[in-house]
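Topology and contacts: notes
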Amino acid sequence: MMEAILHTEFENVTYRQGVSSIPTYKEIDEAIARLGTNRPFFSVDDLRLSLNLSQANAYRIAARLMEEGKIKNIGKGRNKLYVLERGLQQNK
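I will try to describe carefully the structure that is included in this document.

Conventions adopted
Residues numbered from 1 in each chain as written. Predicted model: local features only at pLDDT ≥ 70, side-chain atom pairs only at ≥ 80, totals over all residues. Heavy atoms only, no water. Core = buried A, V, L, I, M, F, W, Y, C linked by side-chain atoms within 4.5 Å. Buried < 20%, exposed > 50% of the residue type's maximum accessible area, 1.4 Å probe, protein only. Helix = DSSP H or I, 4+ residues; strand = E, 2+ residues; numbered from the N terminus. Contact = heavy atoms within 4.5 Å. Pairing = 2+ DSSP bridges.

1. Describing the nonpolar core
A general trend in soluble globular proteins is that nonpolar side chains are found buried together. By size, the foremost hydrophobic cluster in this structure holds 16 residues, and its most contacted members are Ile 32, Phe 42, Leu 47 and Ile 71. At the level of elements, α2 (25-38), α3 (44-51), α4 (55-67) and β3 (81-84) are the ones that each hand at least two residues to this core. In this structure Leu 47 touches Ile 32, Leu 35, Leu 53, Ala 58, Ile 61 and Ala 62, once residues within four positions along its chain are discounted.

Here's what the structure looks like:
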């Protein structure tokens with residue numbers, strides 16, 4: 001078995017995507033404005049990819065944005081989809 005993988009090169013996915021970091025409030029606001037402009041809704045994964053976040057941080061930030069009234073969950077159950085709240089949509 002060891003001979004089969006002896007010359008195999010392994011790569012950490014983090015090297016391709018970079019290390020995630022916590023964005024500023026301004027970066028988050030700009031990202032949700034972009035996401036809300038491009039399509040009528042967006043997912044946590046869209047938020048995660050646009051800000052280079054870990055999945056856990058993306059869910060935390062989405063929950064905080066909902067508490068702040070910036071986004072609204074229109075999905076069902078585990079399929080969370082978000083839209084900008086009405087006041088934010090008009091300010092685009």
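2. Focus: unusual backbone geometry
The phi dihedral of Asn 52 is positive, around 55°, even though this residue is not glycine. Looking at the element boundaries, Asn 52 is found in the loop between α3 and α4.

3. Some details on the pairing of β3
Both strand β1 (residues 42-43) and β3 contribute to a ladder of 2 bridges, which runs antiparallel. The residue of β3 that forms the bridge with Phe 42 is Tyr 82. Across 3 bridges, strand β2 (residues 71-73) lies against β3 in antiparallel orientation. Looking at the pairing, Ile 71 lines up with Leu 84 of β3.

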